[in-house]
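If you want the building blocks of each chain, they are given just below.
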Amino acid sequence: MNDHTSKKITKQSILEAYEENPEKADLEIFGRRPHKDRRGFLKGAGLATMGAMLGASIPFHRNFPSGLIPVAMADDANVLEGKEGLTLLNDRPVNAETPPHLLDDAITPTKRHFIRNNGIPPESTDPDSWTLTIDGLVDNPMELSIADLKSKFEVVTMALTIECGGNGRAFFNPPAKGNQWTYGAVACSNWTGVRLKDVLEAAGVRSNAIYTAHVGADSHLSGKEGKLPISRGMPIEKALTENILIAFEQNGEALHPMNGAPLRLVVPGWPGSCSQKWLKRIYLRDIVHDGPKMTGTAYRVPNRPVSAGEKVDKKDFVIIERMPVKALVTAPATGATLEAGSVDVRGHAWSGDREISTVEVSIDFGATWQTAELDKPVNSGAWQNWRTKVSLPLKGYYEIWARAIDDAGEGQPQAISWNPKGYLNNSVHRVAVRYS
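The following paragraphs examine the structure supplied in this document. (Residues numbered from 1 in each chain as written. Predicted model: local features only at pLDDT ≥ 70, side-chain atom pairs only at ≥ 80, totals over all residues. Heavy atoms only, no water.)

Attention now goes to the pattern of salt bridges. Counted under the stated rule, the structure contains 29 salt bridges. One salt bridge in this structure joins Arg322 and Asp406, with 4.0 Å as the shortest N-O distance. Of this pair, Arg322 sits in the loop between strand E14 (317-319) and strand E15 (326-331) while Asp406 sits in strand E22 (residues 396-406), and the two are 84 residues apart along the sequence. A relative accessible area of 1% places Asp406 in the buried class. Note that Asp375 is salt-bridged to Arg387, the shortest N-O span being 2.6 Å. Pair noted here: Asp375 is in the loop between strand E20 (373-374) and strand E21 (384-391) and Arg387 is in strand E21, with a separation of 12 residues, a long-range link. Among the residues examined, Asp375 registers a relative accessible area of 26% and is labelled partly exposed. A cluster of three or more residues bridged by salt bridges with shared partners is formed by Glu154, Arg195, Lys197, Asp198, Glu201 and Glu242. (Salt bridge = Lys/Arg side-chain N within 4 Å of Asp/Glu carboxyl O. Helix = DSSP H or I, 4+ residues; strand = E, 2+ residues; numbered from the N terminus. Buried < 20%, exposed > 50% of the residue type's maximum accessible area, 1.4 Å probe, protein only.)

Structure representation (structure tokens):
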């Protein structure tokens, strides 16, 4: 046992350390330093320690990503029950992403929808006894059951995209703290519920209300009673748009427990943190909401471009609102070996509250681009599906790049625009293939 394991280490301490700073946890818990590609164990450092804690060797250790917790160290082996193919990043709280090739469906199946938790889900999620309170700066405060929502308001189904603000954080250099999402903290399922707009208007929005505040039933990791793990909100103008739902079904069935059962908000185009899960209360305020993870640097970026590693004063951070333009390649899977030079390429694209106007694909490292066929969104807030066929001229290694441009003319950069918290990475998606 080396110096890094001389102190008492528990599963809880490991999980909490990785939630705070995965790269630091790698070093402090396992004594691990990865290779330059942020995988493996440089010169074997830390490999023996991790193997000892797992009780077995790790044959493919060279591929093991830095900042990733071994699934065997999870507190609960069933945290991904009802899910398929997700990569578990953290177990306390549960965070798991979906590899891009498993996001190939036009509408994301529930079993492949990513999980982003900030606290511990409630034990009791009985939909029959669940209530939602609407209060604060409203004329008619309400307490509504799910049955009330279904009977008193129009029930609608919409395909809506949810993306974590930290999607792509794993590629920042210098590294940013937080869950090391790669590409898979995004999904577009069919959600059924009632419009938040309709509920707020029934409650009577007062003229001095400027911001919503959302409260869920999940508990803080500390276990301290009454302490919220997260409570975010949005401007009233955003809350009163047509495609924000208070949802009670996903893909025609009850919500998955890890996706907010029995009731949640779905706020497409803005950071997934706005889409409060296990929703219990929405109240309106005459100030910008200051709940947990609304202040400081949480879900905020600098108000100006900054250089990599630059220290930024907290007063210079602004709240993230719309998510940036982005395209995702879902086929072929990265690492695929192709037997033919002609290959079908497809994926999805989205851009906050805007529509995508063009998706382009390159096989020559961005020297030339070809335009893909692009579908219109099935409704406002849905991602757009695209497809094309590319011809690889010679056998060898290729990268398939995809980039999107939205209807405001905003496109994706080839390089990451760095920020201290690792948010909003919308650099061009690159997929590696071999034609043999």
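Among the residues of helix H2 (residues 22-30), Pro22, Glu23, Ala25, Asp26, Ile29 and Phe30 are the ones counted as buried. Looking down the long axis of H2, one finds its buried residues gathered within 165° of arc, a one-sided arrangement. Directly beyond the C-terminal end of H2, a positive phi value near 70° is found at Gly31. (Arc of directions from axis to C-beta.)

Taken together, the four bridges between strand E4 (residues 131-136) and strand E5 (residues 142-145) define a ladder with antiparallel strand orientation. Counted as the bridge partner of Thr131 is Ser145 from E5. (Pairing = 2+ DSSP bridges.)

From the geometry alone we can't say anything about function, so treat these as descriptive.
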